[in-house]
Every structure is written in structure tokens, then in C-alpha cells.
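Observations on the three-dimensional arrangement
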Amino acid sequence: MKRFIDLATLQRDEVLDLLALAQRLQDKPEPAALAGRILGLLFFDPSLRTLSSMQAGMARLGGQSVVISPGQGTWRLEWRDGAVMNGNAAEHVREGIPVLASYCDALGIRAFADGSNLAEDLSETRFMSMAELCEKPLINLESAMNHPCQALADWRTLDQLQVAPPARFVLSWVHHPRALPLAVPAATLTMAAQRGMEVVVLRPEGYALPEPLMAKARRLAEVSGGSVSETDDRAAAMAGAQVLYAKEWGSPLHYGDAEAEAALRARHSNWMVTEDWFAGARSDCHFMHCLPVRRNVAVADAVLDGARSVVRQEAHNRMVVQMAILHRLLARRTL
Ligand code: CP
């Protein structure tokens, strides 16, 4: 494996191999496996889990990491080709990324959606323009439409919970004060389809996920034996559900138009997960969320603090699976 950019590009046996390695590294730690290796972490956007779990995972394998957060003690970086750089950015990624990569053995990059042009963000224009500049192994730490480390951690969490396909997996839109990116819903949708779940996307009108993302999930479900559907009917979606995965995202209908999007979103402030959402679900229905989460806006305290919630387990699994990814990318093989 040279890059970890999109979980959906991995064959099922490759995913299972990574998950098995994650378990092996947990059972039998290898504190020197990455001795002498250096990971560069380029964070254009904020993080709690991704940054700390990558650094902790690298350290637990004996390696080290260098963190660059452009504009916070380092130069602001421009990424657009042909940009006239007379604004805040002092350096272009065309120099910055190859230089950083030359100091390191692998790079991880977090660069959210630009948020103004849906077609460009669906094409991953920003992330891929940077990926092309990196000749070293590369990890996607969240791009416009993907968060593969989160998806792999969530797959492991589902395995640990013994949620066996084709269990019903409801991915539900929930309210947030701002229009959030599509990366996590996209990655969650495709992960669940790839894993063979009966995936139901529950969302209010105006929040349907873009068709290219749904089509990708349907293609994965065809291979895995799962299915993908969508509805705005909460009771129908939750009937028999074994997992409710809540996520906030902005309306694709008003992409790049903050005012129109906010007006639409304000009509759905009652989309906050409360215990009564689970009335028709299986009694053991689990609650998932990638975090960070706004308590009592997106999800009620009682759900997050209750027995259904596995959000901390998901977050812990971030470090566990990322150690497997780092090991695959960077461990020296003995012939
Ligand atoms: N879930 C996740 O990626 O969390 P952070 O944004 O804190 O890294």
C-alpha cells in the first residue's frame, strides 16, 4: 500500500487485512516498528482526534511526527494553480509540500472542502492537487468528500459490536448551527455500503446527498450484497435499525450560498437525536457519531451519555486503525 486516500478503492480482503493488523498491534504492541521514521502532518483545518491520534499512533510504533498548521506559526499556503499570490498566503503548496515531504517518510494531509463549487469538491480538486505533489506515502486525514481513517475506525467499531451485515444502518442528518462539509457522511455512506449493510440515508428535504456519492455507494453495495436507500420518514428509516449514525451536513442544493442554506437549515432545528428516535429500532440499536458533536443541538445529552452511545469507542479506534495504516505504509519489510 502506497497511499490511503479512499477506503472504497480497497478490496474487501485489503480492508480486513488492515483490521486484522490493527488487532494484532493492539494484542502484541510493536514499539520499535517505525523507529527512525518521520510522519509529516499538514493540517489546513482544525482537529482534536485526527491530529492527536496520528501523533500518538506514530509514537506508539516508535516513530516521530512533524505538525504543520499553515498560518499558525508557519506560512499560509496557497493551493490554487495560477493564483496571483498578493494576499495572505506567502508560499504555494507546489513548493511547500515537496519540501515537507523531503524531510519525512510519509505525509498526512487534512484539507476540507473549498465549499463554493460542489462539482469541484466532488472531484476532490483541492486535495488531489496537493496529493499530486507528494511522492511519499500519503494519508487522507479528511478531504472534501472523504474521511477514510474515520470510515475504517467505524468499520472496526461495527465489528466489535458484532453488527453483522445486512443489519440496518441508518445514516441520519442532524442539525448544526453551521453548514458542515460532506466528507464524513460520504465516507460513512460508502463504508457501510462496502461492508454490506442495509444503508438508509435519513434526511429532510433539501439535504439529499449528491447523486455521485449515492451512486458510488450503490456500486459498492452491489458488490458487497448490501443496499442503499434514502427517505425523510424517520419512523420508516428507524424500524428495525441496528445502528443510528448521526451527522451534520450542509444542503447540497445551496452549496456555496450560506444565506439560502441557513434559511433552509433553520426549518429543521428539531432534527436533534433524542431517545424517542429509537422507538421502532431494535432494543440494542447503537448510536454512532464521529465527533465533535454539539450537545443538545445535534444530539441530546441522554443519548450521548446513555448505553447506546459508542462515540468514545469510535474515537479510540481512530488511533488503533491508523497504527495499522502507518505500519503498512512505513514498516521496513525483512526479506
Ligand atoms: N472525527 C474527527 O475527525 O475528529 P477531529 O475533527 O477532531 O479530528
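Okay, so let's go over this structure. Here the structure is a predicted model, which is why all the values come from computation and not from measurement.

In terms of helices and strands, the protein chain carries twelve helices and twelve strands. The globule rule puts the C-alpha radius of gyration for 335 residues at 20 Å, and the 20 Å found for the protein chain is close to it. Across its three principal axes, the protein chain shows a C-alpha extent of roughly 55 × 50 × 35 Å. The 335 residues of the protein chain split such that 55% are buried. Of the contacts formed within the protein chain by residues at least 6 apart in sequence, a portion of 81% connects residues at least 24 apart. Within the structure as shown, the protein chain displays about 14,500 Å² of accessible surface, and the carbon and sulfur contribution to it stands at 50%. Where the 35 positive side-chain charges of the protein chain centre and where its 38 negative ones centre are 6 Å apart.

Below, the discussion takes up the site of the ligand. Taken together, the residues surrounding the ligand are S47, L48, R49, T50, R110, H147, Q150, C290, L291 and R318. Contact between the ligand and R49: an oxygen atom at 2.8 Å from a side-chain N or O atom of the residue. When the residues that make up the shell around the ligand are grouped by side-chain class, the tally is three nonpolar, four polar and three charged.

The strand order across the open sheet built from five strands is β1-β7-β6-β2-β3, with neighbouring strands paired in parallel fashion. Both outer strands of the open sheet, β1 (3–4) and β3 (64–68), are each paired with one neighbouring strand and no more. Summarising the sheet, strand β2 (residues 38–43) and strand β6 (residues 106–110) pair through five bridges and their orientation is parallel. For F43, the partnering residue across the bridge sits in β6 and is R110.

Our next topic: helix α3 (residues 93–103). Regarding α3, the residues found buried are V93, G96, I97, L100 and A101. One side of α3 holds all its buried residues, which, seen down the axis, span an arc of 120 degrees. Along α3, exposed side chains directed more than 90 degrees from the buried face belong to S102 and Y103. The secondary structure elements touched by the buried residues of α3 are β2, β3, β4 (77–78), β5 (91–92), β6 and α5 (125–131).

To continue, consider the nonpolar core. Ranked by internal contacts, the top residues of the largest apolar core, which has 94 residues, are F169, L189, V273, F278 and F287. No other element matches helix α12 (residues 311–330), which puts eleven residues into this core. Each of domain 1 (3–147 + 317–330) and domain 2 (162–309) contributes no fewer than three residues to this core. For V273, the contacting residues outside a window of four places in its chain are V174, L244, A246, F278, F287, A298, V299, A300 and V303. Counting 20 residues, the second largest nonpolar core, distinct from the first, contains I5, F44, L77 and A101.

Procedures and definitions
- Throughout, a residue's number is its position along its own chain's written sequence, starting from 1.
- Since the coordinates come from a predicted model, pLDDT governs what is reported: local features require at least 70, and pairs of side-chain atoms require 80 or more to be given and counted, while whole-chain, interface and lining totals use all residues.
- To get the side-chain values, all heavy atoms of the structure are used, and hydrogens and water are removed first.
- Runs of E in the DSSP output that reach at least two residues are strands. Runs of H or I that reach at least four are helices, and both are numbered from the N terminus.
- Our radius of gyration is a C-alpha quantity, and the globule rule it is checked against amounts to 2.2 Å times the number of residues to the power 0.38.
- Burial status follows relative accessibility: with a 1.4 Å probe on protein chains alone, a residue under 20% of its type maximum counts as buried, one over 50% as exposed, and anything between as partly exposed.
- By definition in these notes, contact holds between two residues if any of their heavy atoms fall within 4.5 Å.
- With residues, only the protein chains shown are counted as cover, and all accessible areas are computed by Shrake-Rupley using a 1.4 Å probe.
- Just so you know, the count uses Lys and Arg for positive and Asp and Glu for negative, and it drops His and the chain ends.
- By convention, charge coordinates are those of NZ in Lys, CZ in Arg, CG in Asp, or CD in Glu.
- Nearness here has a simple test: a residue counts as near a molecule or strand if at least one of its heavy atoms is within 4 Å of that partner.
- A 3.5 Å cut-off defines polar contacts: any pair of N or O atoms within that distance qualifies, except that in protein one atom must be a possible hydrogen donor and the other a possible acceptor, and neighbouring residues in sequence count only when both atoms are side-chain atoms.
- Ten residues, namely Ala, Val, Leu, Ile, Met, Phe, Trp, Tyr, Cys and Pro, are considered nonpolar, four, namely Asp, Glu, Lys and Arg, are considered charged, and the remaining ones, Gly among them, are considered polar.
- Two strands qualify as a pair provided DSSP detects at least 2 bridges between them.
- It is the directions from the helix axis to the C-beta atoms that the arc portrays.
- Only buried residues count toward a nonpolar core. Its members are Ala, Val, Leu, Ile, Met, Phe, Trp, Tyr and Cys residues joined through side-chain atoms within 4.5 Å.
- Marked domain ranges trace back to an automatic or database domain assignment.

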